[in-house]
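Fold and geometry: a report
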Amino acid sequence: MEKPRQVVRKFLARPQHEGVGAVVRRSIGRFELRYFDPFLVLDEFSVSAPAGFPDHPHRGFETVTYMLEGAVTHEDFEGHRGTIKAGDVQWMTAGRGIVHSEMPAGPGTSKGLQLWVNLSSGNKMVEPGYQEIQSKDIACTSADGVTVRVIAGHAMGVRSPVCTRTPTMYLDFTVRPRGVVRQPVLASWNAFAYVLEGEGVFGAERGAPVGAHHLLLLGQGDGVEVWNRSDDRPLRFLLIAGEPIGEPVAQLGPFVMNTEEEIDMTVNDFECYANGFEKARHWKSQAMVALGVE
């Protein structure tokens, strides 16, 4: 590593309400940081039944849901249904159109993260699809007091089985007290870190430690260095990077295209049940049926 990346901006993700009764900490996708190419949204969510994210559409990007606690049941108008639990990942390609629900499964509070990854113009209208990986099947390794779970990309000699249409690295690091991480990142990619637990020093060895729920945008360089200066607390953080798409972004809520004309067409497709949304006309999730929602 010749040039470690430095922190260029820092945000504290504050709680806000989303969906129906759910609470999220949004870091990317809020007014200070609308877009960090190729990333559209990063939410750290917390939800307890009956709250959740009932039936809603998407087009033009991918969602990556990574569970930390509890479980969430997903179902869509294609007939796909499943539950992801703590440590599991669902990488969903919305592509040309999907309508789905995401609701907590079982008692207690379910917590996790959802990342929205943009798609290039050539991939925005692909058929929807899923990659679901159980916790036990996620690539993981440990060395010198550092453990990494590789959601996408590769680190410390292990590689994720996930295929990404937009080239993406998604790493979950846990660092023991007094430990250090040195992770290469392609110099041409954009990168950020998000702290989940503990405190870490990012980029400059003598910098100030940063605590949970902070997002750190990382500047130019070919890698990342992170220190856990604590004597007794582990540090857990995500390191996420991706190849910039470099195309115009037009967004209206859950629809992300390249032009306002394409957004208008998407709204029309959704309202008229056309061009990928045909099955939305007569579909309602089991969660909505159980709640008696018409």
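Residues numbered from 1 in each chain as written. Predicted model: local features only at pLDDT ≥ 70, side-chain atom pairs only at ≥ 80, totals over all residues. Heavy atoms only, no water.

As named in an unreviewed UniProt entry, the chain is Pirin-like protein, taken from Sorghum bicolor. The UniProt entry for the chain carries the following comment under Sequence similarities (unreviewed entry): "Belongs to the pirin family." Of the chain, the UniProt comment under Subcellular location (unreviewed entry) reads exactly: "Nucleus". (UniProt positions renumbered as here; feature names shortened; annotations may be inferred.)

A closer look at the pattern of salt bridges
Here the structure, examined in full by the defined rule, presents eleven salt bridges. The partner of Asp269 in a salt bridge is Arg59, with the nearest N and O atoms 3.0 Å apart. Residue Asp269 is found in helix 1 (residues 260–272), and its partner Arg59 is found in the loop between strand 5 (53–58) and strand 6 (61–69); the two are separated by 210 residues along the sequence. Pair check on accessibility: Asp269 and Arg59 agree, each one buried. With a closest N to O distance of 3.8 Å, Arg81 and Glu75 form a salt bridge. One network of salt bridges, with partners in common, ties together Glu18, Arg26 and Asp43. (Salt bridge = Lys/Arg side-chain N within 4 Å of Asp/Glu carboxyl O. Helix = DSSP H or I, 4+ residues; strand = E, 2+ residues; numbered from the N terminus. Buried < 20%, exposed > 50% of the residue type's maximum accessible area, 1.4 Å probe, protein only.)

Overview of the environment of Ser27
Along the chain, the position of Ser27 falls in strand 3 (residues 22–28). In the structure, Ser27 is positioned 97 residues away from Lys124 in sequence and 24 Å away in space, judged by C-alpha atoms. The contacts of Ser27, once residues within four sequence positions are left out, are Ala13, Leu33, Leu42, Tyr194 and Leu215. (Contact = heavy atoms within 4.5 Å.)

A word on the side chain of Asp88
Tracing the backbone shows Asp88 in the loop between strand 8 (81–85) and strand 9 (89–93). A polar contact is formed between the side chain of Asp88 and the backbone nitrogen of Lys85, at a distance of 2.8 Å. Every residue in contact with Asp88, bar those within four places of it in the chain, is listed here: Thr65, Tyr66, Met67, Thr83, Ile133, Gln134 and Ser135. (Polar contact = N/O pair within 3.5 Å; in protein donor to acceptor, adjacent residues only side chain to side chain.)

Considerations on the UniProt feature "binding site: Fe cation" (unreviewed entry) in the chain
The feature "binding site: Fe cation" (unreviewed entry), as annotated in UniProt, sits at His56, His58, His100 and Glu102 in this numbering. These annotated residues cover 47 residues of sequence, but their C-alpha atoms sit close together, with the largest distance between any two at 12.7 Å. Residues from the named set that contribute to the lining of the largest pocket are His56, His58 and Glu102. Secondary-structure assignment places His56 in strand 5. (1 Å grid on protein atoms, 1.4 Å probe; cavity = no way out; pocket = protein on both sides within 12 Å on 5 of 7 lines; lining within 4 Å.)

Digging into the side chain of His100
Turning to its location among the elements, His100 is positioned in strand 10 (residues 98–104). Look at His100 and you get buried, because its relative accessible area is 0%. In terms of polar contacts, His100 uses its side chain to reach the side chain of His58, at 3.2 Å. Setting aside chain neighbours within four positions, we find His100 in contact with Pro54, Asp55, His56, His58, His74, Glu75, Asp76, Met92 and Trp283.

Considerations on the environment of Gly207
Looking at the secondary structure, you find Gly207 in the loop between strand 20 (201–202) and strand 21 (214–218). For Gly207, a relative accessible area of 31% corresponds to the partly exposed category. Counting along the chain gives 20 residues from Gly207 to Trp227, while the straight-line C-alpha distance between them is 9.6 Å.

Thoughts on the sheet that holds strand 22 (residues 223–227)
Working definition: the strands of a sheet are paired by backbone hydrogen bonds and lie parallel or antiparallel to each other. Spatial strand order, 18-22-20: three strands in an open sheet with antiparallel pairing. Looking along the sheet, the strands with just one partner apiece sit at the ends: strand 18 (180–184) and strand 20. In the sheet, strand 18 pairs with strand 22 via five bridges, with the strands oriented antiparallel. Looking at strand 22, one finds that Pro184 is bridged to Gly223. (Pairing = 2+ DSSP bridges.)

Some thoughts on unusual backbone geometry
A negative phi angle characterises most non-glycine residues, just as the trans form characterises most peptide bonds. For the bond from Asp37 to Pro38, the omega torsion is 10 degrees, close enough to zero to count as cis. Structurally, Pro38 is set in the loop between strand 3 and strand 4 (39–48). Of the consecutive residues Ala49 and Pro50, the connecting peptide bond is found in the cis state with omega at 10 degrees. Here Pro50 shows up in the loop between strand 4 and strand 5. A positive phi angle is found at Asn275, which is not glycine, with a value near 50 degrees. As for its position among the elements, Asn275 is in the loop between helix 1 and helix 2 (286–291).

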